[in-house]
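Each chain, letter by letter, is given below.
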Amino acid sequence: MKYVKWMKEKFLNQKFLYGWFLFIMLLPCMVLSWTEPMSLWVKMAAVFLPMAGYALLFNLFRKPGYFLLFSFILLLINGYQLVLVYLFSESVVSPDMFLNIVTTNAGESGELMRTIWPAVFLACLLYFSAVGLGIYSVINKQKLSFSFIRKTSLLAIIPASLGIMALLINHKKGFPFHADHDIYPLNALYNLNFAVHKYIRTYNYAKTSDTFTFHAIKKGIPQDREVIILVVGETSRAANWQLYGYHRDTNPMLSQRSDLAVYKDVLTQGNTTHKIVPMILSSASAEDFNVVYSRKSITTAYKEAGFKTVFLSNQIPDRAFIDAFASEADTTIRLGELIGDGKKHPLDNQALPYIREIVENTTEPLFLVFHTYGSHFEYSQRYAPENANFKPDKAGALRYKERTTFVNAYDNTICNVDRLLNELMNILDKPDICSSMIYLSDHGEDLMDDERKMFLHCSPVPTYYQLHIPLLMWFSQSFRHTYPDKYKYAFDRVSQPISTNAVFHTLLDLGDIESPYLDTSLSLVNPGFTTRERHFIDEHDEPEAFFKLGLKEQDWKMINKMNIRL
């Protein structure tokens, strides 16, 4: 009992709790000052200024638990921030990461949580135990003395002065600094505010785009019925495709086809699904993202041009643009609702019978979007066990020593895409159908490829592996006969530097559709196609040249190896 009493007096008094609460509030600041590419002076300011600010805020109350509990939302952000640093090794929580909370389904989150549970557990232990201690601080009769508050308030002048001096030196030396980007938690709160406003604009999309029209007109009617399919892949990186030089046979079927245009130098304009897929499906791009709030999707353009439109999705609804765009089609099909309970992702290949039936039973021109689940984590759940070409493929927790197993499972997903696309081309390859197909992935994936040991995607600073994606085009014999020039131009461009912003315009041109919103300089099947500087959409929806993204030495090595032209 004496020992328990001593522990209570030593570690549960208000002074100790004051210091402990101050430390856990500062912990993300200290971690980010180590991970972020800022000048030494900004790093100093990023620790000293929040230290002074927190000390003064705690001193508003004689029980430090009050401010801690009032800061509950910030505590949650702090925990989220530490988990993200564990996952990505750098960067403050971005607006996209906040939006992922409301656009990622529970099943997908659960698959990830099972892998990064140690970091999640430690963050929860740290901050939820702090909440418990905060409650104890509030109900405890003991209070901080006025002399303690006065003394710590005066002492706060020291870190405040050091922080200000560091910023003055930083300014004199000409290093960049923006408080809402470089000082935590100001940057996290700024990003949260940005995410909230973006979500509201997305929620109002139906109203803000209600009167929009593409004024789309079909230029000519070919002899054979037209069928155009866009397959949107998920999380598939070019580096693991046999077609792009990978050492494994991950494309045994596609690599045997001579009728496939394989575009070697394609970079995604974003690395989050909720942002890049709407950019693929619309005329929005990194250079002009905000038009996404007022313009409709490619399915509407095809509807206006007289096509029957179908949106087939193996995604669980995300309450964002992808759902809104899907609803614009004449027919929206969710594979999970046809096969299962709508809460899990079936295998992409299970969509093939439905696509075959739609193609065979539709008499009018057809435009079909198939949004797959592709190579999304957890990889071993994306293909049938009997199709596991590479083993072992069942990994446990996220550990570097299990990288081979993760890569085996990931490569199996690429093999699965290979089978899927080959079968789709067989369905479309009929003498009486003028058909074409485009496949591309929304973004790539990190697989702990180098000493950084980065995993998954959506990191605020992308890597080569997240940026370089596969893009393929295929054409039936009827299409080649009907549109020989488009076919020729498609193959002429396989070595050109391309971004995902080319897909929307290429699709319109494939359907021989006229529209004021068609930019022929971005169409891969048009003689007017021109190469241009490529951009990535940053966390605040602004375009950023790829060479300014903060790519590391390891990324540049791969960029040069794969002959990517930036």
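Look up a bit, the structure's there.
None of the values given here were measured: they were computed from a predicted structure. (Residues numbered from 1 in each chain as written. Predicted model: local features only at pLDDT ≥ 70, side-chain atom pairs only at ≥ 80, totals over all residues. Heavy atoms only, no water.)

1. Some points on unusual backbone geometry
With an omega of 10 degrees, the peptide bond between Y184 and P185 qualifies as cis. Looking at where P185 falls in the secondary structure, it is placed in the loop between helix 11 (179-182) and helix 12 (186-203). Here the residue pair F377 and E378 is connected by a cis peptide bond, since its omega of 15 degrees sits within 30 degrees of zero. Here E378 shows up in the loop between strand 7 (366-371) and helix 19 (403-428). Residue L456 is not a glycine yet carries a positive backbone phi of 70 degrees. Tracing the chain through its elements places L456 in strand 10 (residues 455-456). Its identity is not glycine, yet D512 carries a phi of approximately 55 degrees, on the positive side. (Helix = DSSP H or I, 4+ residues; strand = E, 2+ residues; numbered from the N terminus.)

2. Focus on the state of the cysteines
Applying the stated criterion across every chain yields a total of 0 disulfides. Of all cysteine sulfurs, the one in C458 lies closest to C124, which takes part in no disulfide; the gap is 19 Å. Looking at C124, the relative accessible area reads 34%, which means it is partly exposed. (Disulfide = S-S within 2.5 Å. Buried < 20%, exposed > 50% of the residue type's maximum accessible area, 1.4 Å probe, protein only.)

3. Considerations on the environment of P462
On the secondary structure map, P462 appears in the loop between strand 10 and helix 20 (464-467). Its relative accessible area of 2% is what places P462 among the buried residues. Counting along the chain gives 74 residues from P462 to F536, while the straight-line C-alpha distance between them is 9.5 Å. Once residues within four sequence positions are removed from consideration, P462 is found in contact with N271, L467, F536, L549, L551 and D555. (Contact = heavy atoms within 4.5 Å.)

4. Overview of the side chain of S478
Along the chain, the position of S478 falls in helix 21 (residues 477-482). Here D224 takes part through its side chain, which lies 2.6 Å from a polar atom of the side chain of S478. Setting aside residues up to four positions removed in sequence, S478 forms contacts with D224, P431, I433 and C434. (Polar contact = N/O pair within 3.5 Å; in protein donor to acceptor, adjacent residues only side chain to side chain.)

5. Looking at a nonpolar patch on the surface
Residues F72, I73, L76 and F128 make up a contiguous nonpolar surface patch of about 380 Å² in total accessible area. Counting residues per element, the nonpolar patch draws most heavily on helix 5 (residues 72-88), at 3 residues. Here L76 shows up in helix 5. (Patch = residues over 30% accessible without salt bridge, like charges linked within 9 Å, V, L, I, M, F, W, Y side chains within 5 Å. Areas by Shrake-Rupley, 256 points an atom, 1.4 Å probe, with all protein chains shown as cover. Salt bridge = Lys/Arg side-chain N within 4 Å of Asp/Glu carboxyl O.)

6. Here we look at the sheet that holds strand 3 (residues 260-263)
Taken in spatial order, the 7 strands make up an open sheet running 3-11-8-2-7-5-6, and their pairing is mixed. In the strand order of this sheet, the two ends are held by strand 3 and strand 6 (331-334), each with one partner. Averaged over all neighbouring strand pairs, the angle between strand axes comes to 10 degrees, with direction disregarded. Direction of pairing for strand 5 (residues 308-313) relative to strand 7: parallel, over a ladder of 6 bridges. Within the sheet, the bridge partner assigned to S313 lies in strand 7 and is H371. (Pairing = 2+ DSSP bridges. Axes fitted to C-alpha atoms, helices over the stretch in contact; angles between N-to-C directions.)

7. Focus: helix 14 (residues 273-280)
Where burial is concerned, most of helix 14 is hidden: 8 out of the 8 residues are buried. Those residues of helix 14 that fall on the buried side of the exposure criterion are T273, H274, K275, I276, V277, P278, M279 and I280.

8. Observations regarding the nonpolar core
Counting 106 residues, the largest nonpolar core has F58, W241, Y379, L421, M437 and L472 as the members making the most contacts within it. Looking at this core, the element that brings in the most residues is helix 19, giving 12 residues. If we ignore the near neighbours within four places in the chain, the residues touching Y379 are F406, A409, Y410, T413, E445, D446, L447, F455 and L456. Grouped together as the second largest cluster of nonpolar side chains are 59 residues, V291, I322, F325 and L524 included. (Core = buried A, V, L, I, M, F, W, Y, C linked by side-chain atoms within 4.5 Å.)

9. Section: the packing of aromatic side chains
In this structure the tally under the stated criterion is 36 aromatic pairs. Consider the rings of F212 and F214, whose centres lie 4.8 Å apart with planes at 90 degrees: the pair is edge-to-face. For the pair F212 and F214, one class covers both residues: buried. A network of ring pairs unites the aromatic residues Y18, F21, Y54, F58, F67 and F148 as a single cluster. Over the face of the ring belonging to F146 we find R62, whose NZ or CZ atom lies 4.2 Å from the ring centre. (Phe/Tyr/Trp six-rings, centres within 6.5 Å; stacked < 30°, edge-to-face > 60°. Lys NZ or Arg CZ within 6 Å of the ring centre and 35° of its normal.)

10. Description of the packing of helix 6 (residues 95-103) against helix 12
The geometry of helix 6 relative to helix 12 is characterised by a closest axis approach of 8 Å and an angle of 50 degrees between their N-to-C directions. In terms of orientation, helix 6 and helix 12 fall into the oblique class. In this structure, helix 6 meets helix 12 at a crossing whose hand is right-handed. Residues P95, D96, F98, L99 and V102 of helix 6 form the contact with helix 12, whose own contacting residues are A188, N191, L192, F194, A195, K198 and Y199. (Parallel < 35°, antiparallel > 145°, perpendicular 65-115°, else oblique. Left-handed = near helix turned anticlockwise from the far one by under 90°.)

11. Digging into the pattern of salt bridges
Per the stated rule, a full pass over the model turns up 22 salt bridges. In this structure, E226 and K218 form a salt bridge, with 2.4 Å as the shortest nitrogen-oxygen distance. K218 carries the same exposure label as E226, and that label is buried. Here R334 and D323 are joined by a salt bridge, their closest N and O atoms 3.1 Å apart. With R334 in strand 6 and D323 in helix 16 (residues 321-327), this pair connects stretches of sequence that are 11 residues apart. Looking at R334, the relative accessible area reads 15%, which means it is buried.

12. With respect to the pairing of strand 3
Burial along strand 3 is two-sided: the residues L260 and V262 and A261 and Y263 are all buried. The pairing of strand 3 with strand 11 (residues 471-475) spans 4 bridges and is antiparallel. The residue of strand 11 that forms the bridge with L260 is W474.

On their own, these measurements won't tell you what the molecule is for.
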